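Residues per chain, in single letters:
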Amino acid sequence: MDRKHVVIVGGGFGGISAAKQLRKADVNVTLIDKTNHHLFQPLLYQVATAALSPGDIAVPIRAILGQRKGMKIRLGKVININKEKHHIELENGKSIAFDYLILAPGAQYNYFGNDGWKEHAPGLKSIRDALQIRERILLSLEKAEQLDDPKLREPYLTYVIIGGGPTGVEMAGAIGEIVKRNMMRDYSTFSKNETRIFLVEAASRILNGYPESLSVKAQENLEKMGVRVLTDTPVTDISDNTVTFSEGAIETPNIIWAAGVAASPLLSSLNTEQDHSGRTIVEEDLSIPGKDNIFVIGDAAHKKQEGNQLPALAPVAMQQGTYLGKLIKQEIDGQTRSAFYYTDKGTMATIGRAKAVADIKGFKFSGFFAWVLWSVVHIFFLIGFRNRFRVFVEWMWHYFTFKRGVRLITDRFTDDED
Ligand SMILES: Cc1cc2nc3c(=O)[nH]c(=O)nc-3n(C[C@H](O)[C@H](O)[C@H](O)COP(=O)(O)OP(=O)(O)OC[C@H]3O[C@@H](n4cnc5c(N)ncnc54)[C@H](O)[C@@H]3O)c2cc1C
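Residues numbered from 1 in each chain as written. Predicted model: local features only at pLDDT ≥ 70, side-chain atom pairs only at ≥ 80, totals over all residues. Heavy atoms only, no water.

Caption draft 1: Molecular detail of the environment of I351. One can find I351 in strand β25 (residues 347-352). Each C-alpha atom, one on I351 and one on S95, is 45 Å from the other, the two residues being 256 residues apart in sequence. Residues within four places of I351 in sequence aside, it is in contact with V169, G173, A218, N221, L222, M225, A356 and V357. (Helix = DSSP H or I, 4+ residues; strand = E, 2+ residues; numbered from the N terminus. Contact = heavy atoms within 4.5 Å.)

Caption draft 2: Just the nonpolar core, in detail. Judged by nonpolar contacts, the single largest core of 75 residues is most densely connected at I57, L124, I161, M171, I175, L222 and I238. Once residues within four sequence positions are removed from consideration, I161 is found in contact with G168, M171, A172, I175, I197, F198, L199, V200, I256 and A258. Judged by nonpolar contacts, the second largest core, of 52 residues, contains L101, L286, I288 and F340. (Core = buried A, V, L, I, M, F, W, Y, C linked by side-chain atoms within 4.5 Å. Buried < 20%, exposed > 50% of the residue type's maximum accessible area, 1.4 Å probe, protein only.)

Caption draft 3: Molecular detail of the sheet that holds β25. If you walk across this open sheet you meet the 3 strands as β25-β26-β27, and the pairing is antiparallel. Of all the strands in the sheet, the pair left with one neighbour each is β25 and β27 (363-366). Each adjacent strand pair in this sheet contributes to an overall mean axis angle of 5°, direction not counted. With 5 bridges connecting them, β25 and strand β26 (residues 355-360) associate as antiparallel partners. Within β26, the residue paired with A349 across the bridge is V357. (Pairing = 2+ DSSP bridges. Axes fitted to C-alpha atoms, helices over the stretch in contact; angles between N-to-C directions.)

Caption draft 4: Structural detail: a nonpolar patch on the surface. A contiguous nonpolar patch, built from F389, F392, V393 and M396 and spanning about 360 Å² of accessible area, is present on the exposed surface. Structurally, M396 can be placed in helix α12 (residues 385-401). M396 gets classed as partly exposed once you look at its relative accessible area, which sits at 34%. (Patch = residues over 30% accessible without salt bridge, like charges linked within 9 Å, V, L, I, M, F, W, Y side chains within 5 Å. Areas by Shrake-Rupley, 256 points an atom, 1.4 Å probe, with all protein chains shown as cover. Salt bridge = Lys/Arg side-chain N within 4 Å of Asp/Glu carboxyl O.)

Caption draft 5: The site of the ligand, seen in detail. Taken together, 28 residues sit near the ligand, with G14, D33, Q41, V78 and D299 positioned nearest. Here V78 contributes a backbone N or O atom positioned 2.9 Å from a nitrogen atom of the ligand. Contact distances for the ligand include 3.3 Å between an oxygen atom and a backbone N or O atom of A312. In isolation the ligand offers 990 Å² of accessible surface; the protein chains occlude 90% of this area. When contributions to the shell around the ligand are tallied by element, the ones reaching two or more residues are α1 (13-22), β2 (27-33) and α10 (314-332). (Near = heavy atom within 4 Å. Polar contact = N/O pair within 3.5 Å; in protein donor to acceptor, adjacent residues only side chain to side chain.)

Caption draft 6: Spatial organisation of the pattern of salt bridges. One pass over the full model with this rule turns up 10 salt bridges. Residue R3 is joined to D26 by a salt bridge in which the shortest nitrogen-to-oxygen separation is 2.9 Å. You can see R3 sitting in the segment before β1 (4-9) and its partner D26 sitting in the loop between α1 and β2, a full 23 residues away along the chain. We classify R3 as partly exposed; its relative accessible area is 35%. Put simply, D56 and R390 hold a salt bridge, and the shortest N to O gap is 2.8 Å. Placement of D56 in helix α3 (residues 54-57) and of R390 in helix α12 is noted, with a sequence separation of 334 residues between them. Taken together, the salt bridges that share partners define one network made up of K151, E154 and R196.

Caption draft 7: Summary view of the packing of α1 against α10. Interaxial distance between α1 and α10 falls to 7 Å at its minimum, and their mutual angle equals 30°. In terms of orientation, α1 and α10 fall into the roughly parallel class. Crossing of α1 against α10: the hand is right-handed. Here F13, G14, S17, A18, Q21 and L22 of α1 lie close against α10, whose contacting residues are A314, A317, M318, G321, T322, G325, K326, I328 and K329. (Parallel < 35°, antiparallel > 145°, perpendicular 65-115°, else oblique. Left-handed = near helix turned anticlockwise from the far one by under 90°.)

Caption draft 8: Broad picture of a positive patch on the surface. Side chains of R62, K72, R74 and K94 sit close together on the surface and give a patch of like positive charge. Relative to the helices and strands, R62 resides in helix α4 (residues 61-65). (Lys, Arg positive; Asp, Glu negative; His and termini not counted. Charge placed at Lys NZ, Arg CZ, Asp CG, Glu CD.)

Caption draft 9: Looking closely at the side chain of T30. Along the chain, T30 turns up in strand β2. Since its relative accessible area comes to 6%, T30 is described here as buried. At 2.6 Å, the side chain of T30 forms a polar contact with the side chain of H5.

Caption draft 10: Quick look at the packing of aromatic side chains. Inspection of the entire model under this criterion finds 11 aromatic pairs. For the pair Y187 and F190, a centre-to-centre distance of 5.4 Å together with 25° between the ring planes defines the contact as stacked. Across the pair, exposure class does not vary: Y187 and F190 are buried alike. Note on F380 and F381: the rings are 5.1 Å apart at their centroids and 85° apart in plane angle, and the pair reads as edge-to-face. The exposure class assigned to F381 is partly exposed, which follows from its relative accessible area of 38%. Taken together, Y111, F112, W117 and W257 form an aromatic cluster joined through their ring pairs. (Phe/Tyr/Trp six-rings, centres within 6.5 Å; stacked < 30°, edge-to-face > 60°.)

Caption draft 11: Up close: helix α6 (residues 127-145). Helix length check: α6 (19 residues) gives 27 Å between terminal C-alpha atoms against 27 Å at 1.5 Å per residue, within 8%. The element α6 is largely enclosed, with a buried count of 15 among its 19 residues. (Expected span 1.5 Å × (residues − 1).)

Caption draft 12: Region of interest: the sheet that holds strand β5 (residues 71-75). Strand order in the open sheet formed by 6 strands is β5-β2-β1-β9-β21-β20, and the pairing between neighbours is mixed. Of all the strands in the sheet, just β5 and β20 (287-288) have a single pairing partner and so form its edges. Pairing analysis gives 4 bridges linking β1 to strand β9 (residues 100-103), with the strands arranged parallel. Looking at β9, one finds that V7 is bridged to L101. α1 rests against β1, β2, β5 and β9 of the sheet, and its axis sits at about 155° to β1. With respect to the sheet, α10 is in contact with β1, β2, β9 and β21 (291-296), its orientation differing from that of β9 by roughly 170°.

Structure follows, in structure tokens:
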């Protein structure tokens, strides 16, 4: 009998977990990603704030999956899925047939119909985004250094982070550290008291998905770091260097979008039901209705468990990928399918140096211990010993010296300085 062909779209947390499970299975596997690397998104904000280098949090997919007969890695963007003819179509005009298809294309930032805001307020989703934000922050400090009038340099020393979820909170905390402590001693024109950091949230509290006590703790910690938390403050407009709210506006080139997310646009080609964020609504075994050989996982999937939608988190994507790898192996061996069940091991968010909040199976805590746990978990889940070692050394260095090493302006996303 011919070996079945499993096609996996996306080499993120979900896709890589599925491919690893299938490494020793009696199937051919093709994994396609539009980038050549697996990205550890939870630490992207550390690249954006000059604490880590891109190479610390990204690993070539080929290096992870290695060489194995029957395992192919393809660089390419999938633009269409033909679910009736069982093939996918790539941007380069090629198509690939499948017996099983695992879609793990993740999500992207959603500007709620205001796509023009993207240019002024980049989100944090890729290495490129992180380097662009890093460059804006560093260039702003250089510009402020050249202005003697405090009023003129105020915008360059102002940071607005839109969205009070874990990413926004982590970003605000990290910027708080940089501008209030780490880098300020290297500049002579301005003082750290001139910097203003705003974390803007439309809802009534930050970390909305966490228990309320942890939201309060996170807000208190951020405020101690000098971050001004504006809740119940929906953004009404973003233009070049200005964020506008119903009451007032803030002028700055440093605007970071960490608000809504939408699932990959690729999913609409499945023509099945999607939720308001574009996530595909999947069955108990993560397949799509009417096609039991096509699965959607991770941030791209809308899966309910005990009445609640599973969160868009790395452990969900990883458990789903592993589950599907096993499901396909077992099905080929003639076994029947069982439903996917997510085991929640807890959620955490860091707020800055030695501060974090955690909710582990209902046990809520914050502070230094939560931060140590956050650091251990993040180092553990980084792929590759080299990365784990490098990140551990970098973090120790920052912890004891307060210094951020990767303060290079190299990428020139803005061309006005040429
Ligand atoms: C800044 C940030 C911080 C986060 N912090 C945390 C955290 O602390 N803890 C936590 O658990 N989760 C965190 N998350 C969420 C977590 O990263 C996601 O839940 C997880 O990455 C989802 O995995 P996935 O496999 O579904 O998608 P992803 O990991 O996003 O992978 C999707 C892959 O698909 C590829 N792809 C997309 N479209 C196509 C296409 N058309 N063709 C080919 N390839 C394609 C992409 O290049 C990518 O490699 C964070 C996310 C962000 C952005």
